[in-house]
Structures are given as structure tokens and as C-alpha cells.
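Residues per chain are reported as follows:
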Amino acid sequence: MTREVGKLKQDELREVLKIHADKHLFALQNSESYGSSESPSVYITRGVLDGICIVTGINYTVEKRWKIIFFKKNDKPWFTYTLEDMTEEDADEIMEYRKRRQGEDSELYSKLFGG
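Presented here is an overview of the structure given in this document. Computed from a prediction, not measured in an experiment: that's the story for all the values here. (Residues numbered from 1 in each chain as written. Predicted model: local features only at pLDDT ≥ 70, side-chain atom pairs only at ≥ 80, totals over all residues. Heavy atoms only, no water.)

### Observations concerning the overall build of the chain
So the rule is basically this: For helices the rule is a DSSP run of H or I covering at least 4 residues; for strands it is a run of E covering at least 2, with both sets numbered from the N terminus onward. Two residues qualify as a contact provided that any one of their heavy atoms is within 4.5 Å of a heavy atom in the partner residue. Only the protein chains shown count as cover for residues, and all accessible areas are computed by the Shrake-Rupley method using a 1.4 Å probe.
Scanning the chain from N- to C-terminus turns up three helices and three strands. Listed N to C, the secondary structure of the chain is α-α-β-β-β-α in terms of helices and strands. Sequence separation of at least 24 residues holds for 51% of the intrachain contacts in the chain that already meet a minimum separation of 6. Total accessible area on the chain stands at roughly 8,000 Å², and carbon and sulfur atoms take up 55% of it.

Structure, rendered in C-alpha cells:
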């Protein structure tokens, strides 16, 4: 009986993490970052996800603003969550676009305010 209860709690935790992973990845995809700054929604969703992970002892990494890998306490991968409507190729294209935009913005900034 105890094992079933533990399994149920793990399944519930997994579902909660999926919900908040989806919100965080969606916020990341819709955030236009400049330098190290993101839109406020990214910080809000990251804070919620971080809070859940701190309380439960779970760690995670974000890849390409598209995929989150969750790790158990022993640093073994537990499960992966990806944005449903996006492929890895789409994520690569968006990341490349953002790099180009940041380069163009930096160049423009240096022309406007540089010496």
C-alpha cells in the first residue's frame, strides 16, 4: 500500500511539473531577451518551477527554450518535457534568429552610443 501511495504522489508531482514546465517554456518562447534580461513572465514562471523543485528536491535544465529535463535527487534523468507544437529544428531556428537579432541590436547600440 505504501508503495502505491508513493507512486501516486510521484505521478501527481510529475503532472504538476509538466504544467509548470509548459508555462515556463511558453514564456521563454515568447520572451524577446536583451542581454541577460527577459520578460517578467519568464521570471514568474521560473520562480514557480524553482519553488516546486526546491521543495521536492528535483533539479532541471532547460535546452533551447524548448525542452526541460527533470532530474531526481541522485542527478539521474527522471523525465523530459518538450513543447508539443515545436520540433527541435524549430527551436534551433528560433535560437539562431535570436542570436542574429542580439548581434544586430548590439551593433546598432554601439553605432548610436559608441565612440
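There's plenty left to go through after this.
### Some thoughts on the pairing of strand S3 (residues 77–82)
To keep it simple, the criterion reads: When DSSP finds two or more bridges between two strands, those strands count as paired.
As paired strands, strand S2 (residues 67–71) and S3 are joined by five bridges and run antiparallel to one another. Across the sheet, residue Ile68 finds its bridge partner in S3, namely Tyr81. If you look at the hairpin formed by S2 and S3, you'll find five residues sitting between the two strands, and Asp75 has a positive phi there, around 65 degrees.

### Regarding the pattern of salt bridges
Using the following cut-off: Any carboxyl oxygen of Asp or Glu within 4 Å of a side-chain nitrogen of Lys or Arg constitutes a salt bridge here. Residue exposure (1.4 Å probe, protein chains only): buried if accessible area is under 20% of the type maximum, exposed if over 50%, otherwise partly exposed.
Here the structure, examined in full by the defined rule, presents five salt bridges. For Glu63, the salt bridge is made with Lys67, and the minimal N-O distance between the two is 3.5 Å. Given a relative accessible area of 33%, Glu63 falls into the partly exposed group. Taken together, the salt bridges that share partners define one network made up of Lys64, Glu88 and Asp92.

### Describing the nonpolar core
Put simply, the rule is: For the purposes of this section, nonpolar cores are sets of buried Ala, Val, Leu, Ile, Met, Phe, Trp, Tyr and Cys residues that join through side-chain atoms within 4.5 Å.
Among the nonpolar cores identified, the biggest contains 21 residues, and Leu17, Ile58, Ile68, Phe70 and Trp78 are the most heavily contacted of them. Those elements that provide at least two residues to this core are helix H1 (2–29), helix H2 (40–56), S2 and S3. Take this core: its biggest share by element is six residues, from H1. Among residues more than four places away in sequence, those in contact with Leu17 are Leu49, Ile52, Cys53, Ile58, Phe70, Trp78 and Phe79.

### Section: the environment of Lys64
In plain terms, the rule: Pairing of N or O atoms within 3.5 Å defines a polar contact, subject to two protein rules: one partner must be a possible hydrogen donor and the other a possible acceptor, and residues neighboring in sequence count only if both atoms are side-chain atoms.
Mapping Lys64 onto the fold places it in the loop between strand S1 (59–63) and S2. Apart from residues no more than four positions distant in its own chain, Lys64 is found in contact with Gln29, Glu88, Ala91, Asp92 and Met95. A distance of 2.8 Å separates a polar atom in the side chain of Lys64 from a polar atom in the side chain of Glu88. In terms of polar contacts, Lys64 uses its side chain to reach the side chain of Asp92, at 2.8 Å.

### Concerning the environment of Asn59
As for its placement among the helices and strands, Asn59 is situated in strand S1. On the basis of relative accessible area, Asn59 is assigned to the partly exposed category, the value being 39%. It is 9.8 Å that separates the C-alpha atoms of Asn59 and Leu49, two residues lying 10 residues apart in sequence. With residues near it in sequence (within four places) discarded, Asn59 still touches Ile69, Phe70, Phe71 and Asp75.

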